[in-house]
Amino acid sequence: MTGSSEIGAILTVLGSGKGELPAQLRIAQKLIEVLPVPVFFKGRDGVYLGVNKAWESFFGIARGVIVGRPLDAIYPQAPSVAQRHRAMDEELWRHPGDQHYEITVPRSDGALRHTLYYKATFSADDGTVAGLIGTIIDITERKQAEQRQAIEFALTRVLAEAQGIADAVPAIIRSVCEGLGWACGAHWEIDREAGVLRCVDVWGEATPEIEQFLAHSRQRALPLGNEGLVRRAVATAAPAWIPDMTQQKGFLRAQLAENAGLRAGFAMPLVSGSEVVGVIEFFGRETRHPIAWLIEVATDLGGRLGQFVARRQAEQALREAHASLALKAQELARSNAELEQFAYVASHDLQEPLRMVASYTQLLLRRYGDRFDGDAREFMDYVVDGATRMKQLIEDLLAYSRVGTRGKEFRRVPCDAVLHKALANLKIAIEQSAATITHDELPEVVVDDMQWMQLFQNLIGNAVKFCGERPPAVHVSVEDRQGEWLFGIRDNGIGIEPQYYERIFMVFQRLAARTEYPGTGIGLAICKKVVERHGGRIWVESQPGQGSAFFFTLPKREGETHA
Amino acid sequence: MLDENRPSPPIEILLVEDNPGDMRLTKEALKEGKVYNNLHWAKDGVEALEFLQREGKFANAPRPDIILLDLNLPRKDGREVLSVIKNNDLLRNIPVVVLTTSKAEEDVLKSYALHANCYVTKPVDLEKFIVVVQSIDRFWLTVVTLPPVK
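What counts and how
Residues numbered from 1 in each chain as written. Chains lettered and ligands numbered in written order. Predicted model: local features only at pLDDT ≥ 70, side-chain atom pairs only at ≥ 80, totals over all residues. Heavy atoms only, no water. Helix = DSSP H or I, 4+ residues; strand = E, 2+ residues; numbered from the N terminus. Contact = heavy atoms within 4.5 Å. Areas by Shrake-Rupley, 256 points an atom, 1.4 Å probe, with all protein chains shown as cover. Phe/Tyr/Trp six-rings, centres within 6.5 Å; stacked < 30°, edge-to-face > 60°. Buried < 20%, exposed > 50% of the residue type's maximum accessible area, 1.4 Å probe, protein only. Lys NZ or Arg CZ within 6 Å of the ring centre and 35° of its normal. Pairing = 2+ DSSP bridges. Axes fitted to C-alpha atoms, helices over the stretch in contact; angles between N-to-C directions. pLDDT = per-residue confidence, 0-100. Expected span 1.5 Å × (residues − 1). Arc of directions from axis to C-beta. Patch = residues over 30% accessible without salt bridge, like charges linked within 9 Å, V, L, I, M, F, W, Y side chains within 5 Å. Salt bridge = Lys/Arg side-chain N within 4 Å of Asp/Glu carboxyl O. Left-handed = near helix turned anticlockwise from the far one by under 90°. Nonpolar A, V, L, I, M, F, W, Y, C, P; charged D, E, K, R; others polar. 1 Å grid on protein atoms, 1.4 Å probe; cavity = no way out; pocket = protein on both sides within 12 Å on 5 of 7 lines; lining within 4 Å. Points joined across faces, edges and corners; volume = space filled by probe spheres on them.

Undergrad: Got a minute to help me understand the overall build of chain B in this structure?
TA: On a plain count of helices and strands, chain B comes out with five helices and five strands. When the elements of chain B are put in sequence order from the N terminus, they spell out β-α-β-α-β-α-β-α-β-α. Restricting to contacts in chain B with at least 6 residues of sequence separation, those with at least 24 account for 66%. Carbon and sulfur atoms make up 53% of the accessible area of chain B, which amounts to about 7,800 Å² in all.

Here you go:
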C-alpha cells in the first residue's frame, strides 16, 4: 500500500487539483471539490497540504497562497486564533482520532465567523499519524440568532422590571455586553444649553483598565459634533459603529480605549420623536464589524428608551415647575399673611394715640368750651372730626385685614337665611330710603356665613345708599352655572362710569363726595376679598344714571344643590 | 334694691392701666359721669396683684368694688391678672371689666374664655366713654345684686 509520503502526494494533488490521480481517487477529488463545506488537509508538520473550493471562498484566500504554509498565514491579524488552532492540533497529534470545537475566526476581510471545526487524523500504512483532515461548519447565523434572542430576551426583562431609566440603563448595558461578550458601556445625556454630552451612568467588567476608562468617561463632557462615536450617533440620530477605535480619527478617547484594550465601539441613540435625548455606547475588546441585527435591535430599543427618557425629563420638568409654583404660592401666602398681620398690628397700635387726641380734645371742649371763641370751636371741631374719621379708617382697615386672618371655616348654609340676616342689619337704611329688595330662589352654599353675610350687606347697603332721587329697587339674582353659582345684585341707582370699574374694589377708593355719601371706601374692597377667599371673582357692570349690577361667582363645593 | 336717696359710700375702683392718659381720662369720665368714687391706680399687673393682696405699699388698700382691667400691661399682663383673680376665692367675686382697644381684640378675647364679667371697647368719643363709665357704675353697683363681701 502507500506510505505517508505517498498519501501526502495524493492529498497534495487532491488539495491543489494539480497532478495525476488514479481513477477512483479522481472521483474522491471531484467530490471534495464540490462539497459546499470548507475542507482542508494538513500534514503532520502543520503545513497545509490542500483545501477545497468552499474553503477558498469561506476565508477569501486562494489555495495557492495557503498550500505549503502553516496556519499563521491565514490569521496574520489574529495570532490568538492561530494559537488556539495550533493547540488543538497538538492535542490531536497526542491523541490521534477525531476532535471538534467551536471557535470564532476572522476571514481575510476581517469579518468574524462563528464556526465548528471537525478534524480527524489519518495514518500511513505503518500506523504512524500522517496528518489531519478537517472541515468547517459555519454556525455564525445560528450563533447570532441565539445571541440576538438572548439579548432581546434580557432587554425585554430589563424594560419590564425597571422602575425608570436610571436602573434600566446599567442593566441594558450589562445585558448587551454579556450577550455580545463585550467589555463595558456608558449612558450619555445631552445638555443642549451647554452644548455638551455628559456621561450619567456606566457599566463594565471589573478590571482596573476598564474601570479607569469608565471613570474617565464619567468625568468627561463631550462637545456636540459629528465625529467620534457618541457624537456621531447624536448628530445622525442613528446607531454609530467603529470597528477599531484606536484607528478612528476624531474619536477623542482613542488613547484611553487603547490603554484599556478596547477596540470596537457601538453607540445607540435614544430617540424621542425626532429628537435624540441620550446615547448608550458599548465597547468590545476585539475589532468588530457592524452587526446588522444588533443595529436593528438597537434602533428599536433606542426608540423605546428615548420615550422613557423623554417622559422622565418631562416629569422632572413638571416636578420642578410644581415645586417652584408651590414655593411661590407659599411665599405669596406668607407675604399676604405678614401684610395682614402688619395691617392688624398697625391699625391696633394706631388707635391708642388717636384715642388720646380725640378724647382730650373732647374733654377740652366739654370743660372749657364756653371760654372758646367761634374760631377755636371750629378748629376743635375739625380736630375731633379728623380723629373720628381716622378711627373709622383704622377700624375699616382692621376689618379688611381680618377677612384673611380671622376667617372661619366654610360650612353649608341656606343662602336666603344669610341674605335675610344682612337685610335685618340694613333694616333702618332700607326703611329710610323706602327700598324694595327682591331675590331669586337662592341655593344652599358652602361659605364662611359671617363673611357671606357681610358681602350681601355691603353690596345691598351700597345699592340702597347710592340711589339718587328714586326709591331704590334692588334685585338679588342667582344663576346655576356649571361648577359655580353666579350671583348678581342689580340696583337702579346712580351707576358707575366704566373707568372706575376696577378702582372701586381697591381699599379706601371713593367716587362720591363724602358730604353726599359718607363712608371710607372699604366696603367693596372687603367684598372682593371675601369673594376671592371663597375662590370666586367679582365685577361690576353699570349704566351711569340707570343703575349698577355687581356680579360675583362662587365655586360649587361638594354636596351643593339648588334649593 | 338699694335706696337711691340714701347716701352711699364711694365706690372703690381699681384701674389697672399703664397709660397715664387713659388713667386720667377714666378719672375725668367718672367725674363727668358724677360717679362717687375712689379711683385707685395700678400701672401694671404686678402692682395690681400687690394691691389686691395688700402687699407692700398697698398694705392698707381697700377691697375694690370693681376692677377695670386693661389687657396689654408691662411685667404681668391683664390675662394673667384675670386668671389670678378668678382662681382666688377671696377675689373671685369682684366684677372685672376688661378694657380693650378694638372690637377686633374684643372678639379674639372672648374666644379665650377668661371669665371676665364684661368687655368694654375704649371709645374714641369721650361722650361715649362717659356713658360707658356711668353704665358700669349703674350696672355693677345698682342693677346687679352682687354677692356679699366675705
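There is more to say after this.
Undergrad: Help me understand the packing of aromatic side chains in this model?
TA: Two numbers describe a pair of aromatic rings. These are the distance of the centres and the angle of the planes. Residues and elements named next belong to chain A. Inspection of the entire model under this criterion finds 20 aromatic pairs over all chains. The interplanar angle of 90° and the centroid separation of 5.1 Å between the aromatic rings of Phe-213 and Phe-283 together place this pair among those described as edge-to-face. Placement of the pair is Phe-213 in helix H8 (residues 208-219) and Phe-283 in strand E11 (residues 275-284), with a sequence separation of 70 residues. For Phe-213, a relative accessible area of 2% translates into the label buried. Under the relative-accessibility criterion, Phe-283 is labelled buried at 0%. Taken together, a centroid distance of 5.1 Å and an interplanar angle of 40° make the contact between Trp-241 and Phe-266 tilted. Separated by 25 residues along the polypeptide, Trp-241 in strand E9 (residues 240-242) and Phe-266 in strand E10 (residues 264-272) bring together distant segments of the chain. Here Trp-241 matches Phe-266 in class, with each residue buried. Taken together, the ring pairs connect Phe-40, Tyr-48, Trp-55, Phe-58, Phe-59, Tyr-75, Tyr-101 and Tyr-117 into an aromatic cluster. It is Lys-529 that lies over the ring of Tyr-400; its NZ or CZ is 4.3 Å from the centre.

Undergrad: Teacher, can you tell me more about the sheet that holds strand E15 (residues 473-481) of chain A here?
TA: Each strand in a sheet pairs with its neighbour through backbone hydrogen bonds, running either in the same direction (parallel) or in the opposite one (antiparallel). All names here are of chain A. Strand order in this open sheet of five strands is E13-E15-E16-E18-E17, and the pairing throughout is mixed. Looking at which strands have only one partner, the edges of the open sheet turn out to be strand E13 (436-439) and strand E17 (538-543). The mean inter-strand angle of the sheet, taken between neighbouring strand axes irrespective of direction, is 15°. Looking at chain direction, E15 and strand E16 (residues 484-490) are connected through seven bridges and run antiparallel. Residue pairing for E16: Val-478 is matched across the bridge by Phe-487. Together, E13, E15 and E16 form the strand contacts of helix H13 (residues 415-425), whose direction differs from that of E13 by roughly 170°. Helix H15 (residues 449-465) contacts E13, E15, E16, E17 and strand E18 (547-555) of the sheet and is inclined by roughly 170° relative to E18.

Undergrad: Even after reading the chapter, I still don't get the confidence of the model for chain B, so can you show me in this structure?
TA: Residue and element names in this part refer to chain B. When pLDDT is averaged along chain B, the result is 75; 71% of the residues meet or exceed 70. Per-residue pLDDT, averaged within each element of chain B, yields its smallest value for helix H4 (residues 103-110) (56) and its largest for helix H2 (residues 45-52) (90). On the interface metric, ipTM, the complex scores 0.70, and its pTM is 0.47.

Undergrad: Honestly, H15(A) in this entry has me stumped. Any pointers?
TA: Within an α-helix, residues lying three or four positions from one another point in the same direction, as the helix has 3.6 residues per turn. For H15(A), which comprises 17 residues, the first-to-last C-alpha distance of 23 Å matches the rise-based estimate of 24 Å (1.5 Å per residue) to within 8%. In terms of burial, H15(A) is largely enclosed, as 14 of its 17 residues are buried.

Undergrad: Could you clarify how one ought to interpret unusual backbone geometry in this entry?
TA: Most of the time, phi is negative for any residue but glycine, and the peptide bond is trans. Positive phi, normally seen in glycine, also occurs at A:Ala237, with a value near 55°. Along the chain, A:Ala237 turns up in the loop between helix H9 (230-236) and E9. Overall, the relative accessible area of 36% leaves A:Ala237 in the partly exposed class. Positive phi values are uncommon outside glycine, yet B:Arg54 reaches one of about 55°. With respect to the helices and strands, the residue B:Arg54 is situated in the loop between H2 and strand E3 (66-70).

Undergrad: Which parts of the structure should I look at to understand helix H6 (residues 140-161) of chain A?
TA: Residue and element names in this part refer to chain A. When the terminal C-alpha atoms of H6 are compared, their 31 Å separation across 22 residues agrees well with the 32 Å that a helix rising 1.5 Å per residue should span. Within the span of H6, buried status applies to Thr-140, Gln-147, Ile-151, Leu-155, Val-158 and Leu-159. Angular distribution of buried residues about the axis of H6 spans 95°; they occupy a single face of the element. In H6, those exposed residues whose orientation departs by more than 90 degrees from the buried face are Gln-149, Phe-153, Ala-160 and Glu-161.

Undergrad: What exactly am I supposed to notice about the sheet that holds strand E5 (residues 129-138) of chain A here?
TA: All names here are of chain A. Strand order across the open sheet formed by five strands is E2-E1-E5-E4-E3, with antiparallel pairing between neighbours. Either end of the sheet is taken by a strand with one partner, and the two such strands are strand E2 (48-51) and strand E3 (98-106). Strand-to-strand, the axes of this sheet are offset by a mean angle of 25°, without reference to chain direction. Docked against the sheet, helix H5 (residues 79-94) engages strand E1 (39-43), E3, strand E4 (112-123) and E5, running at close to 175° with respect to E3. Contacts between H6 and the sheet are confined to E3, E4 and E5, with E4 contributing the most and set at about 135° to the helix.

Undergrad: Looking at this structure, I do not really get a nonpolar patch on the surface. What am I missing?
TA: On the surface, a cluster of nonpolar side chains totalling about 280 Å² of accessible area is made up of A:Leu31, A:Val34 and A:Leu35. Residue classification places A:Val34 among the exposed positions, given a relative accessible area of 61%.

Undergrad: For this particular structure, what's the right way to read the pattern of salt bridges?
TA: If charged atoms from side chains of opposite charge come close, those side chains can pair. With the rule as written, the count across this model stands at 36 salt bridges over all chains. Taking the shortest distance from any N to any O, the salt bridge between A:Asp300 and A:Arg304 comes out at 3.3 Å. With A:Asp300 and A:Arg304 both in helix H11 (residues 292-368) and four residues apart, the pair spans about one turn of that helix. With a relative accessible area of 45%, A:Asp300 lands in the partly exposed category. Between B:Arg92 and B:Asp89 there is a salt bridge whose closest N-O contact spans 2.9 Å. Sharing partners across several salt bridges, the network here consists of A:Arg367, B:Arg24, B:Glu28 and B:Lys31.

Undergrad: Would you take a moment to explain the packing of H15(A) against helix H16 (residues 523-533) of chain A for this structure?
TA: In a pair of packed helices, the angle between the axes and the distance between the axes together describe the arrangement. All names here are of chain A. At a minimum axis separation of 9 Å, H15 and H16 run at an interaxial angle of 145°. The hand of the H15/H16 crossing is left-handed. Contacts between H15 and H16 involve Gln-451, Trp-452, Gln-454, Leu-455, Asn-458, Leu-459 and Asn-462 from the first element and Gly-523, Leu-524, Ile-526, Cys-527, Val-530, Val-531 and Arg-533 from the second. For the contact of H15 with H16, the class distribution of residues is eight nonpolar, five polar and one charged.

Undergrad: In this structure, what is going on with empty space enclosed by the protein? I would like to understand it.
TA: Where empty space is left in the structure can be found by rolling a water-sized probe over the atoms. Residues and elements named next belong to chain A. Evaluated as defined, the whole model comprises three cavities of 30 Å³ or more. One number sums up the size of the second largest cavity: a volume of about 40 Å³. If you trace the second largest cavity, you find it lined by Leu-222, Gly-228, Leu-229, Val-230, Arg-231, Phe-251, Leu-252 and Arg-253. Class assignment for the residues of the lining of the second largest cavity results in five nonpolar, one polar and two charged.

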